[in-house]
Amino acid sequence: MSEFRFKHFTVVQDATPMKVGTDGVLLGAWCGLPEGESRLLDIGTGTGVIALMLAQRADRAQITAIDIDPIAEAQTNIARSPWSDRITLVQCAVQQFEAAPFDRIISNPPFFVESLKCPDRGRTMARHAVALPFEELLEAVCRLLKPDGRFALVLPTTEGERFVQLAAGRLTTVRRTEVSTTPRHAPKRLLLEMMHTAAATECLCERLTIGTGEHETYTEEYRRLTRDFYLKF
């Protein structure tokens, strides 16, 4: 059995096409969460890892986690966690999902738009914007997000800039973190937090570097962000 162990929960990931990775963990640790009771939506939950991270961080939140693909492993992971009573799993395409608006929406979405597709259908669905094009993700978020809610996502830099441009006039970026693997490398990922344009505030821009450049050595800022989750920190 393939498992990824965190400090307070374990993720089984035998059948899920996309395994636990840095993108999802970064997003789950980085996204802003409201205090007190709140409703959170995880779009494209996969193994359930982001939903579990949200439950650990926000102890009074009710979390809905949806995915178009089978959710059996996410069900197992959530049932084995301390927060199974606060996470609801739904197998459904977000385009057809109906619910009352959410305080926060979080997504680690598929992002390859024009690249060649992998012959493995599961990985293609998870990595490529086939079942969830950016335009349809944007429509769903605008429909499901409260007027003063926030939407957080992680994308490669090029795709992140494309999503920001696509959302112009509807969602506005209020927090933006450029992520580099080492100090010598240009940013490879964008962490974005967005609001309905009518409610948007001034954007907070930041930079996060994961490694120092030495083998298996991480920066203090990355350790601080993820230390509540990773066993190695």
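Refer to the structure above for everything that follows.
All values derive from a computational prediction rather than experimental measurement.

Chemist: Help me understand the pairing of strand β6 (residues 102-107), please; the structure alone is not making it clear to me.
Modeler: Burial runs high along β6: six of the six residues are buried. Note that strand β3 (residues 38-43) and β6 share four bridges and pair parallel. Within β6, the position partnered with I43 by the bridge is S107. As paired strands, β6 and strand β7 (residues 145-156) are joined by five bridges and run parallel to one another. Looking across to β7, one finds that F102 is bridged to L145.

Chemist: Can you help me understand helix α2 (residues 49-57) in this one?
Modeler: Along an α-helix, a turn takes 3.6 residues, which lines up residues three or four apart on a common side. Taken across its nine residues, α2 has eight buried, putting it largely inside the fold. Of the positions making up α2, those classed as buried are V49, I50, A51, L52, M53, L54, A55 and Q56.

Chemist: What exactly am I supposed to notice about the sheet that holds strand β4 (residues 61-67) here?
Modeler: What links the strands of a sheet is backbone hydrogen bonding, and the strands pair in either a parallel or an antiparallel sense. Overall, mixed pairing links the eight strands, which are arranged β5-β4-β3-β6-β7-β9-β8-β10 in an open sheet. Edge positions in the open sheet fall to β5 (87-91) and β10 (204-209), since each of these has one partner strand only. When the angles between neighbouring strand axes are averaged without regard to direction, this sheet yields 15°. Where β7 meets strand β9 (residues 189-196), six bridges bridge the pair, whose relative direction is antiparallel. Looking at the pairing, L153 lines up with L192 of β9. Here α2 sits on the sheet in contact with β3, β4, β5 and β6, set at roughly 175° to β4.

Thresholds, definitions, all that
Residues numbered from 1 in each chain as written. Predicted model: local features only at pLDDT ≥ 70, side-chain atom pairs only at ≥ 80, totals over all residues. Heavy atoms only, no water. Buried < 20%, exposed > 50% of the residue type's maximum accessible area, 1.4 Å probe, protein only. Helix = DSSP H or I, 4+ residues; strand = E, 2+ residues; numbered from the N terminus. Pairing = 2+ DSSP bridges. Axes fitted to C-alpha atoms, helices over the stretch in contact; angles between N-to-C directions. Contact = heavy atoms within 4.5 Å.

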